[in-house]
Amino acid sequence: MRPTMCLVALFLAIPVLQAAEQPMDAAALRVQLMETTRVVALMGIEGSSVDFKDDGDPETLEIVFLDRRSDGPSRVSPDGEVIFLYKPSDKVQSALIGEAFDLRVARRLDER
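A. Spotlight on the sheet that holds strand 4 (residues 82-85). Taking strand neighbours across the sheet as the criterion, the four strands line up as 1-2-4-3 in an open arrangement whose pairing is mixed. Strands at the two margins of the open sheet, each flanked by one partner only, are strand 1 (38-43) and strand 3 (75-76). As judged from the four bridges shared by strand 2 (residues 60-65) and strand 4, these two strands associate in the parallel manner. Across the sheet, the residue bridging to glutamate 62 is valine 82, located in strand 4. Relative to strand 4, helix 3 (residues 90-111) is tilted by about 160 degrees, and along the sheet it contacts strand 2, strand 3 and strand 4.

B. Local environment of the nonpolar core. Leu29, Leu33, Leu61, Ile63, Val76, Ile83, Leu85, Leu96, Ala100, Phe101 and Val105 form the largest nonpolar core, which has 11 residues in total. Elements represented by at least two residues in this core include exactly helix 2 (26-36), strand 2, strand 4 and helix 3. Discounting chain neighbours no more than four positions away, the residues touching leucine 61 are Thr37, Arg38, Val39, Val40, Gly80, Glu81, Val82, Ile83, Ala100, Phe101 and Arg104. Within the second largest apolar cluster, six residues are counted, among which are Ile45, Leu66, Val82 and Phe84.

What counts as what
- Residues numbered from 1 in each chain as written.
- Predicted model: local features only at pLDDT ≥ 70, side-chain atom pairs only at ≥ 80, totals over all residues.
- Heavy atoms only, no water.
- Pairing = 2+ DSSP bridges.
- Helix = DSSP H or I, 4+ residues; strand = E, 2+ residues; numbered from the N terminus.
- Contact = heavy atoms within 4.5 Å.
- Axes fitted to C-alpha atoms, helices over the stretch in contact; angles between N-to-C directions.
- Core = buried A, V, L, I, M, F, W, Y, C linked by side-chain atoms within 4.5 Å.
- Buried < 20%, exposed > 50% of the residue type's maximum accessible area, 1.4 Å probe, protein only.

Written as structure tokens, this is what we have:
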């Protein structure tokens, strides 16, 4: 390949490389997280849900099914890593999953 052709190929590749480096928007990041996050369901946890420690893996979303009303209402942990469910309706469960992913997206965008 002639030197001028090499330069042309290099200049044509620069915009592609720059486009690949641009940050992902929130909607695209949400889709990516939803596709790559592993969901782990847990039942019959020992102790209170307040004392529950998540697995520390940002690639998993833990869904903890609560056995007792005293463990509190259905909710999402502040970091979006755990969803606690106590006899939720489908609507509540869907809303909490959405909230968990919103929190996860916000955290990832803040880390950039």
